[in-house]
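# A closer look at the structure
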Amino acid sequence: MSELTPSDQAFLLSLARHEIIAMLQSKPDLQRPESLSPAVFENRGCFVTLHQNRELRGCIGTIEPERALIDNVSENAANAAFRDPRFPPVSLKELDSIDIEISVLTPPKALTFKDGEDLKQQLQPGIHGVILSRDWHRSTFLPQVWEQLPDKETFLRHLCMKGGMGEECWKSTDTKVEVYTASYFSE
C-alpha cells in the first residue's frame with residue numbers, strides 16, 4: 001500500500017469538509033488537484049471522525065478495503081455528519097466548531113488466541129485497532145481509543161459492550177478478534 005503524501009492528506013480533509021457542506025447547502029464538486037498520488041485511489045478502509053470542542057461528534061467508517069479511499073472519505077464524511085445514530089445531524093451553524101480527523105486502515109488480520117490472557121499479550125495499545133465479532137454482532141475501536149481506555153481489559157470490555165456481546169466476550173475463543181493499524185491525520 002502506498003503512503004499518502006501531505007498534499008493527499010490535505011485534499012482528503014478538504015474533501016470531507018466539502019462533502020458535509022455540500023449536504024447542507026448546494027455546492028459544486030470540489031476540484032481535484034492534479035498532484036494526487038495513486039494512494040488516494042487504492043482500495044482502503046477508513047473512518048471519518050468529527051470532534052466538537054474535543055468531544056466526539058460523529059464517527060463512521062469502512063473497515064474493509066472494498067473501494068477507493070477517495071470515495072470512502074466522501075461517503076464516510078457525510079455519514080459521520082448526518083447518519084451517526086448517536087448524534088443529531090450536524091447543522092451549518094456548528095460546522096465552524098467541528099474538526100475532522102481521517103483514519104486510513106490497513107486490512108484486518110485475525111488473531112488466534114487460547115484465552116483472554118493470551119489475547120491481552122498480543123494486543124499493542126495505541127497501535128492496534130481491534131474488531132470483535134460473534135454471531136451477528138460486530139464492533140471496533142480505532143487505535144486512538146487506547147488514549148481514553150489504556151487498560152487492555154477495560155478496552156476489551158467496552159468493545160464487547162459496544163457490540164452488544166456481553167462484557168466478557170473477549171475472553172472466549174468463540175469471539176473472532178481481528179487487528180489493524182491506522183494512519184490518521186486531522187485539520
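Before reading on, note that the structure itself is shown above.
A brief structural summary. The structure displayed is predicted, hence computed values, not measured ones.

Scoring rules and cut-offs
Residues numbered from 1 in each chain as written. Predicted model: local features only at pLDDT ≥ 70, side-chain atom pairs only at ≥ 80, totals over all residues. Heavy atoms only, no water. Helix = DSSP H or I, 4+ residues; strand = E, 2+ residues; numbered from the N terminus. Buried < 20%, exposed > 50% of the residue type's maximum accessible area, 1.4 Å probe, protein only. Polar contact = N/O pair within 3.5 Å; in protein donor to acceptor, adjacent residues only side chain to side chain. Disulfide = S-S within 2.5 Å. Contact = heavy atoms within 4.5 Å. Pairing = 2+ DSSP bridges. Axes fitted to C-alpha atoms, helices over the stretch in contact; angles between N-to-C directions.

## Looking at the side chain of Thr-62
Within the secondary structure, Thr-62 is located in strand β2 (residues 55-62). What makes Thr-62 buried here is its relative accessible area of 17%. Only 3.2 Å separates the side chain of Thr-62 from the side chain of Asn-76, close enough to count as a polar contact.

## Re the state of the cysteines
Throughout the structure, instances matching the rule amount to 1 disulfide. Here Cys-160 is linked by a disulfide to Cys-169, with a sulfur-sulfur distance of 2.3 Å. Its S-S torsion of approximately -95 degrees makes the covalent link between Cys-160 and Cys-169 left-handed. Judged by relative accessible area, Cys-160 falls into the buried class, the value being 0%. The buried category is assigned to Cys-169, whose relative accessible area is 3%. As a non-bridged cysteine, Cys-46 has Cys-59 as the owner of its nearest cysteine sulfur, 9.9 Å distant.

## Structural notes on the side chain of Arg-44
Positionally, Arg-44 belongs in the loop between α1 (6-24) and β1 (45-52). Judged by its relative accessible area of 7%, Arg-44 is buried. Arg-44 has contacts with Met-1, Ser-2, Ala-39, Pro-65, Arg-67, Leu-69, Asn-72, Val-104 and Leu-105, leaving out every residue within four places of it along the chain.

## Focus: the sheet that holds strand β6 (residues 137-141)
If you trace the 4 strands from one edge of the open sheet to the other, you get β4-β7-β5-β6, paired in antiparallel fashion. Whereas interior strands pair on both sides, the edge strands pair on one side only; in this sheet they are β4 (109-111) and β6. Taken over all neighbouring pairs, the strand axes of this sheet differ in orientation by 25 degrees on average, direction set aside. Two elements, strand β5 (residues 129-134) and strand β7 (residues 176-180), share 5 bridges in a ladder whose sense is antiparallel. Of the residues in β7, the one forming a bridge with Gly-129 is Tyr-180. Relative to β6, helix α4 (residues 152-162) is tilted by about 135 degrees, and along the sheet it contacts β5 and β6.

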